[in-house]
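So the chains spell out like this:
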Amino acid sequence: MSASLESDPILVSYHDAIVRVSNLKTLDDSNWLDDSIITFAFEYLQHDSKFAQDQSNSCVFVSPSVVQLLKMSDDSFADQLLQSIDFLEKKFLILPINDNRHVNAFAGSHWSLLILAIQDKVLYHFDSMSSANDRTAKDIQSKLCVFFHTQVLLVNGRCPQQENGFDCGFYENDLSKSPTKEVFEKFMNEISRCITSESISQRRKQLKTLLESMSSDRKA
């Protein structure tokens, strides 16, 4: 093991997510969430949360690393990748996106969320910084159009706008918790009231506590 990895041990290994001690620091106020924290949050949401139990038959989550691969792939490989996800019998495909344009590096500075209404072929984009991730959303739309051999409509959904430059990861994660019909009806009207800067700060604390608890259980 390299010296750098020895000095930054694994805190939690959970499904496809590995969170190291250094990743935990990104949950402190005013820090960007890194890919490891985003991946963990999605894995937990998909496998162990109450949401997962309620929505297991209607939603498919795609991890940030797979979405990045999809975005940067050519159409042929993207088609194979989408086939491997096996989502056509579900209602919604949930894809966290960021503005990273590099294939082999963790980068980018802004996260947002795409939710595909599979049967309707409508791709909803929820961006807490207006149109910051429009280019990435259009990249994914293009790949989906090739996969379905038909037009996939891209719609900018209404969502709360962040008040700073670092909370986008939490807005994206919290928005992903309601991919039922409410996303497009009641959810549109209620979510602005529910997701605030204060609630995002609380979510940071909750997620940090969860990871520390899971780390303690792992050591026991």
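Rules and cut-offs
Residues numbered from 1 in each chain as written. Predicted model: local features only at pLDDT ≥ 70, side-chain atom pairs only at ≥ 80, totals over all residues. Heavy atoms only, no water. Core = buried A, V, L, I, M, F, W, Y, C linked by side-chain atoms within 4.5 Å. Buried < 20%, exposed > 50% of the residue type's maximum accessible area, 1.4 Å probe, protein only. Helix = DSSP H or I, 4+ residues; strand = E, 2+ residues; numbered from the N terminus. Pairing = 2+ DSSP bridges. Axes fitted to C-alpha atoms, helices over the stretch in contact; angles between N-to-C directions. Parallel < 35°, antiparallel > 145°, perpendicular 65-115°, else oblique. Contact = heavy atoms within 4.5 Å. Nonpolar A, V, L, I, M, F, W, Y, C, P; charged D, E, K, R; others polar.

In terms of nonpolar packing, the biggest core is built from 27 residues, with Leu27, Ile37, Phe40, Leu207 and Leu211 touching the most fellow members. Secondary-structure elements contributing two or more residues to this core are strand E1 (10-14), strand E2 (17-20), helix H3 (35-47), strand E3 (59-61), strand E4 (92-98), strand E5 (111-117), strand E6 (122-126) and helix H10 (197-219).

So, on to the pairing of E4. Most of E4 sits out of view: seven of its seven residues are buried. Every second residue of E4 is oriented toward a common face, with Phe92, Ile94, Pro96 and Asn98 on one face and Leu93, Leu95 and Ile97 on the other, all of them buried. As paired strands, E3 and E4 are joined by three bridges and run parallel to one another. Bridging across to E4, Cys59 finds its partner in Phe92. Here seven bridges tie E4 to E5, and the two strands are oriented antiparallel to one another. If you follow Phe92 over to E5, its bridge partner there is Ala117.

Here we come to the sheet that holds E6. Taken in spatial order, the five strands line up as E3-E4-E5-E6-E7 in an open sheet, and their pairing is mixed. Unpaired on one side and paired on the other, E3 and strand E7 (153-156) mark the two borders of the sheet. Sheet twist, expressed as the average angle between the axes of neighbouring strands with direction ignored, equals 25 degrees. Bridge count between E6 and E7: four bridges; the pairing is parallel. Paired with His125 across the strands is Asn156, a residue of E7.

The subject of this paragraph is the packing of helix H6 (residues 75-85) against helix H7 (residues 134-148). It is at 9 Å that the axes of H6 and H7 come closest, and there the two elements cross at 75 degrees. Our classification of the angle between H6 and H7 gives roughly perpendicular. Of the residues in H7, those in contact with Asp75, Ala78, Asp79, Leu82 and Gln83 of H6 are Lys143, Leu144, Val146 and Phe147. Taken together, the residues of the contact of H6 with H7 break down into five nonpolar, one polar and three charged.

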